[in-house]
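Summary of the model geometry
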Amino acid sequence: MESGDLTVEVSDYLKSHAKSLEAILLKANQLSKTENGGINSPALNEMKSSLSPGFEQPQWEVLFTLYRENGKEKFGIDYNEYISLLHKNILELQKKKIINIEKTAVSSQTISIKKESSKTQTLEETSKIYDRKGILEEFNKKIDGKLSDTTLRAISKLFANKFILDNLIFSKELTDLEIQNRVEQISRTIGIVRENERIVSKHDPVTRITKLKLDSFKKIKLERMGVQDFLLQYVGKLLTVIILIYLLGMFLYHIRRDIFESNLKIALISTLLQLEAVFAYLSLHLAVGFNVEFLIFVPVAAILLTILFDSRLAFFVTVIICFLTASIRGGDYSIAFISLAGSVLAIFSVRDVKNRSQIFRSAFFILAGYIIAVFAMGFDKNESIQKILGNLALSGVNAFMSPIIAYGLLIFYEKTFRITTDLTLVELADFNHPLLKQISTKAPGTFHHSVVMGNMSEAAAEAIGANRVLARVGCYYHDVGKIAKPGYFVENQVERKNIHEGLNPNMSVKVIIAHVKEGMELAKKYKIPPEVIDFIPMHHGTTLVSYFYNKAKNLVDEDKEDIIDYIYRYPGPKPQTKETGIVMLADTIEASTRTIEEPTPKKLEDKIDEVIKKRFIEGELDECELTLKDLTNIKKAFLKILVGIHHQRIKYPEETKQSTNKTLFEQ
């Protein structure tokens, strides 16, 4: 603030103004004695306009009345006393310190005042200074009690507003310079560490002072690093990243070869790694007032990997991501530990998710993991409770934002990378799906057969650790091609008449085999995922349509004409996965067990053994990953389901009408 004494200047202004005002009133008094009028005479307009402050017509009339007549009788004060009162109070208030800005803009309790004529500065309490609003209020308090007329009070306020001047002028340049000087005077250190002094020993608690010393040591070490040191640091980071990527590659190559050999899936995992790396990089370079590293959304990657692949792959990649973020942040392994804790619980929370809305329940598991880890690291580092609570708040934001982000990205990854998740499969298993509704109405026998197969395949897949949801959904869609000509398939023939009895075996087998091609085209039309479409050709493999093949052989003379069997075989391919192999077995076994008269567990078991042995000998299972142990477990699962379906019912004896009448009579 710069100050100046304006009392003399204001006094001169008041005296000059009083003379001009009195001259106007004197001339008005003279004009009132003539025909030219009084204070409202046009002859005074030029003199009035040059007076500042100016007055309105009613105010001039009151002043003229006060001047010409005895004001005490009407106003309680005469003209000279009124002018003297104004001058006295204005000069008295002018001696106070008045700033030229609003007082509310001054945040400190004291201000520094520098006089124009001196280089020295004085401090003044903010409570003892006035701004324009405050000084006018003080003037009104002094005047209002001594003046009863409202017009005179209004004229007084005009005087005060005009002649009370600001004597403290705010200077932003001087203020900024003073702040800079004060900051420079603050010591940048609070202690000293001597050369070779031990800062902390093993098992010693890390106090606040110790933490400050360690931080200072780290800062000084970084400041003294040369080009060679920086180069070595980046080489270290590069080696860390290479090792992490190598470990991930080895895991995929030896444990998940199917993913390693899929460029799309590798690209998907790479995008997630890059996304988390960007989050880590931004957390290191964003200048914000909180620990932004808690907003590295590692749980997003954990949720997506679990749903898109499985929990085992998700866990391993999440560990890689946590170490990667720690490396990018210069070895910040505390945030890696905290992120891993929240992400692992996120993996387990969505491991068996059945619909997309269940993704959001993972927020509570992520939050629980973050809370425990933040408290653990906070207590271990002896951090203040305020800092721990701040980290918990950011962790809460991470926990509740991660499922939302994952939910949005899931659809993008499914469409872009053509990944069929269990969520997609569950949606396809809904009987309200347009294609399944067509099967149930146009080919009800096929639909019932598919549902029973679904139960069998799901149980078998669960028994050997395959994807049970994929196996069930594959059953539902494996025979969609029969919609085109449902009556040509025995399960849909409501009437006893068989259409094939009047057809040549060659024609019949073409119709039967054609349902595979028609089914694939129909599935593509309804945008069924490729993993499900694979079940349509693979559940038949390259098996022989034996019924029509044998019928054709019986119609020709084998000595004169050969029957080419490939015409009567499905085009394949053979089952390539465990799930398609299971469905191939389930399809044949479910159909063949229907023909068993008075089925018993022994008969059912023999039929299952017969079908599995036949398919195994034919080589239809050679290209899928089913082992002999798997086939044994599949057999047990199938048998359990079929025994439940074909269990015998108790036959209740029928009582004759005669015995009934006799019984009633005897009663």
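Just so it is clear, the model here is predicted, and its values are computed rather than measured.

1. Thoughts on the overall build of the protein
- Within the protein, the secondary structure is distributed over 29 helices and four strands.
- Taken against the 2.2 N^0.38 rule, which gives 26 Å for 667 residues, the C-alpha radius of gyration of the protein at 48 Å runs more than 25% over that of a compact globule.
- Principal axes of the C-alpha set define a box for the protein whose edges measure 155 × 85 × 70 Å.
- Within the protein, buried positions represent 41% of all 667 residues.

2. Overview of helix 16 (residues 362–380)
- With 19 residues, helix 16 extends 27 Å between its outermost C-alpha atoms, agreeing within 8% with the 27 Å of an ideal straight helix rising 1.5 Å per residue.
- Looking only at helix 16, the buried set comprises Ser362, Ala363, Ile366, Gly369, Tyr370, Ala373, Val374, Met377 and Gly378. Along the long axis of helix 16, the arc covered by the buried residues comes to 150°, so they all point the same way. Set apart from the buried face of helix 16 by more than 90 degrees, the exposed residues are Phe364, Ile372 and Phe379.
- Packed against the buried residues of helix 16 are helix 13 (298–308), helix 15 (333–349) and helix 17 (385–416).

3. Re the side chain of Ser592
- Turning to its location among the elements, Ser592 is positioned in helix 26 (residues 578–593).
- Assessed through its relative accessible area of 16%, Ser592 is described here as buried.

4. Re the packing of helix 12 (residues 263–285) against helix 13
- As a packed pair, helix 12 and helix 13 sit with axes 9 Å apart at the nearest point and diverge in direction by 170°. The angle between helix 12 and helix 13 falls in the class roughly antiparallel. Along the contact surface, helix 12 presents Leu268, Ile269, Leu272 and Glu276, while helix 13 presents Val298, Val300, Ala301, Leu304, Leu305 and Leu308.
- Along the lines of polarity and charge, the residues of the contact of helix 12 with helix 13 split into nine nonpolar, no polar and one charged.

5. Concerning unusual backbone geometry
- The omega torsion across Ser52 and Pro53 is 5°, close enough to zero to call that bond cis.
- The omega torsion of the bond from Gly572 to Pro573 falls at 5°, within 30 degrees of zero and hence cis.
- Turning to its location among the elements, Pro573 is positioned in the loop between helix 25 (546–555) and helix 26.
- With a phi angle near 60°, Asn382 is a residue other than glycine that sits in the positive phi range.
- Among the secondary structure elements, Asn382 is positioned in the loop between helix 16 and helix 17.
- Under the relative-accessibility criterion, Asn382 is labelled partly exposed at 49%.
- We note that Lys527 has phi near 60°; this positive angle belongs to a residue other than glycine.
- Relative to the helices and strands, Lys527 is located in the loop between helix 22 (505–525) and helix 23 (530–533).

6. Observations concerning a nonpolar patch on the surface
- There is a patch of nonpolar side chains on the surface, built from Ile243, Tyr246, Leu247, Met250, Tyr253 and Phe260 and spanning about 560 Å² of accessible area.
- When residues in the nonpolar patch are grouped by element, the largest group, five residues, is from helix 10 (residues 227–254).
- Among the structural elements, Ile243 can be located in helix 10.

7. Quick look at the state of the cysteines
- In this structure the tally under the stated criterion is zero disulfides.
- Looking at Cys624, it has no disulfide partner, and the nearest cysteine sulfur is the one in Cys475, 14 Å off.
- When its relative accessible area of 7% is taken as the criterion, Cys624 is described as buried.

8. Digging into the environment of Gly619
- Tracing the backbone through its elements, the reader meets Gly619 in the loop between helix 27 (601–618) and helix 28 (628–645).
- Judged by relative accessible area, which is 5%, Gly619 ranks as buried.
- Between the C-alpha atoms of Gly619 and Val106, which are 513 residues apart in sequence, the distance is 91 Å.

9. Thoughts on the pattern of salt bridges
- As enumerated under the stated definition, the model contains 26 salt bridges in all.
- Connected via shared salt-bridge partners are Arg256, Asp258 and Asp310.

10. Digging into the confidence of the model for the protein
- Taken as a whole, the protein shows an average pLDDT of 85; of its residues, 92% reach a score of 70 or greater.
- Below a pLDDT of 50 lies the segment residues 655–667, which in the model reaches one contact outside its immediate sequence neighbourhood of four places, other chains included.

11. Side note on the nonpolar core
- Ranked by internal contacts, the top residues of the largest apolar core, which has 60 residues, are Tyr477, Ile589, Ile634 and Phe638.
- The next biggest cluster of nonpolar side chains, apart from the first, holds 58 residues, and it includes Leu273, Ile296, Phe297 and Tyr413.

12. Notes on the side chain of Glu590
- As for its placement among the helices and strands, Glu590 is situated in helix 26.
- Among all residues touching Glu590, those that are not within four sequence positions of it are His449, Val452, Met453 and Met456.

13. Describing the packing of aromatic side chains
- On inspection of all chains with the given rule, the structure shows 16 aromatic pairs.
- Between Phe279 and Phe297, the ring centres sit 5.6 Å apart and the planes meet at 75°, which makes this aromatic pair edge-to-face. Residue Phe279 is found in helix 12, and its partner Phe297 is found in the loop between helix 12 and helix 13; the two are separated by 18 residues along the sequence.
- You can call Phe279 partly exposed: its relative accessible area is 24%.
- Seen from their ring centres, Tyr413 and Phe417 are 5.4 Å apart, and the 20° between their planes marks the pair as stacked.
- With a relative accessible area of 5%, Tyr413 lands in the buried category.
- Just above the ring of Tyr253 sits the side chain of Arg257; from NZ or CZ to the centre is 3.9 Å.

14. A closer look at the environment of Lys19
- Looking at where Lys19 falls in the secondary structure, it is placed in helix 1 (residues 7–32).
- Separated by 173 residues in sequence, Lys19 and Ile192 place their C-alpha atoms 72 Å apart.

15. A short note on the environment of Glu124
- Looking at where Glu124 falls in the secondary structure, it is placed in strand 3 (residues 121–125).
- Assessed through its relative accessible area of 17%, Glu124 is described here as buried.
- Measuring from C-alpha to C-alpha, the distance between Glu124 and Ile111 comes to 5.4 Å, with 13 residues separating the pair along the chain.

Cut-offs and rules
Residues numbered from 1 in each chain as written. Predicted model: local features only at pLDDT ≥ 70, side-chain atom pairs only at ≥ 80, totals over all residues. Heavy atoms only, no water. Helix = DSSP H or I, 4+ residues; strand = E, 2+ residues; numbered from the N terminus. Rg over C-alpha atoms; globule rule 2.2 N^0.38 Å. Buried < 20%, exposed > 50% of the residue type's maximum accessible area, 1.4 Å probe, protein only. Expected span 1.5 Å × (residues − 1). Arc of directions from axis to C-beta. Contact = heavy atoms within 4.5 Å. Axes fitted to C-alpha atoms, helices over the stretch in contact; angles between N-to-C directions. Parallel < 35°, antiparallel > 145°, perpendicular 65-115°, else oblique. Nonpolar A, V, L, I, M, F, W, Y, C, P; charged D, E, K, R; others polar. Patch = residues over 30% accessible without salt bridge, like charges linked within 9 Å, V, L, I, M, F, W, Y side chains within 5 Å. Areas by Shrake-Rupley, 256 points an atom, 1.4 Å probe, with all protein chains shown as cover. Salt bridge = Lys/Arg side-chain N within 4 Å of Asp/Glu carboxyl O. Disulfide = S-S within 2.5 Å. pLDDT = per-residue confidence, 0-100. Core = buried A, V, L, I, M, F, W, Y, C linked by side-chain atoms within 4.5 Å. Phe/Tyr/Trp six-rings, centres within 6.5 Å; stacked < 30°, edge-to-face > 60°. Lys NZ or Arg CZ within 6 Å of the ring centre and 35° of its normal.

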